[in-house]
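Residue-level listing of the chains:
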Amino acid sequence: MDAYAKLLILVVMLGLAIGSVLTGVNGDGLCRMTKDGLTACQPAVAASNPSPPSTACCSALSKADLQCFCVFKNSRLLSLYGIDFNQAMQLPAKCNLGDSFHC
């Protein structure tokens, strides 16, 4: 198999792996947060001028798989959406769900 075919297979497998992480085990959304939950939290994790998390955000976050978000710690994907990873990791404490989460 030539190098291009191997690279293509690797990219497809990586895409499938990332897709399974993004949709979670049961397909509930990103790390068990629905699209509505993610949208509710977006202003609270903005890279510039984040606002306090809303009740809807905290409710969605209480059901989230926080460990799953660690996959995105060094990813540029979050910054493309204006999300500050460090702000996101502070949300559990801001929502009174326990201490800030660390990966």
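Residues numbered from 1 in each chain as written. Predicted model: local features only at pLDDT ≥ 70, side-chain atom pairs only at ≥ 80, totals over all residues. Heavy atoms only, no water.

Chemist: Looking at this structure, how should I read a nonpolar patch on the surface?
Modeler: Residues Leu 77, Leu 80 and Tyr 81 make up a contiguous nonpolar surface patch of about 370 Å² in total accessible area. On the secondary structure map, Leu 80 appears in helix α5 (residues 76-80). Residue classification places Leu 80 among the exposed residues on the basis of a relative accessible area of 70%. (Patch = residues over 30% accessible without salt bridge, like charges linked within 9 Å, V, L, I, M, F, W, Y side chains within 5 Å. Areas by Shrake-Rupley, 256 points an atom, 1.4 Å probe, with all protein chains shown as cover. Salt bridge = Lys/Arg side-chain N within 4 Å of Asp/Glu carboxyl O. Helix = DSSP H or I, 4+ residues; strand = E, 2+ residues; numbered from the N terminus. Buried < 20%, exposed > 50% of the residue type's maximum accessible area, 1.4 Å probe, protein only.)

Chemist: So what exactly am I meant to see when it comes to the nonpolar core here?
Modeler: Side chains of nonpolar character tend, in soluble globular proteins, to be buried together. Judged by nonpolar contacts, the single largest core of 22 residues is most densely connected at Cys 31, Met 33, Leu 61, Phe 69, Phe 72, Met 89 and Leu 91. Taken together, the elements giving at least two residues each to this core come down to α3 (55-61), α4 (66-69) and α6 (85-94). (Core = buried A, V, L, I, M, F, W, Y, C linked by side-chain atoms within 4.5 Å.)

Chemist: How should the environment of Ser 62 be read in this particular structure?
Modeler: By the secondary structure assignment, Ser 62 is in the loop between α3 and α4. Between the C-alpha atom of Ser 62 and that of Cys 95, which follows or precedes it by 33 residues, the distance is 8.6 Å.

Chemist: Which parts of the structure should I look at to understand the confidence of the model for the chain?
Modeler: Low-confidence regions, as indicated by low pLDDT, have predicted coordinates that should not be scrutinised in detail. This prediction gives the chain a mean pLDDT of 76; 72% of its residues lie at or above 70. The secondary structure element of the chain with the lowest average pLDDT is helix α1 (residues 3-23), at 40, and the one with the highest is α3, at 95. Here residues 3-26 is modelled with pLDDT under 50, and outside its nearest four sequence neighbours on either side it reaches 13 contacts, counting other chains as well. (pLDDT = per-residue confidence, 0-100. Contact = heavy atoms within 4.5 Å.)

Chemist: Where do I start with the environment of Met 33 in this structure?
Modeler: As for its placement among the helices and strands, Met 33 is situated in the loop between α1 and α2 (35-41). Residue Met 33 is classed as buried on the basis of its relative accessible area, which comes to 3%. Placed 28 residues apart in sequence, Met 33 and Leu 61 show a C-alpha to C-alpha distance of 7.0 Å.

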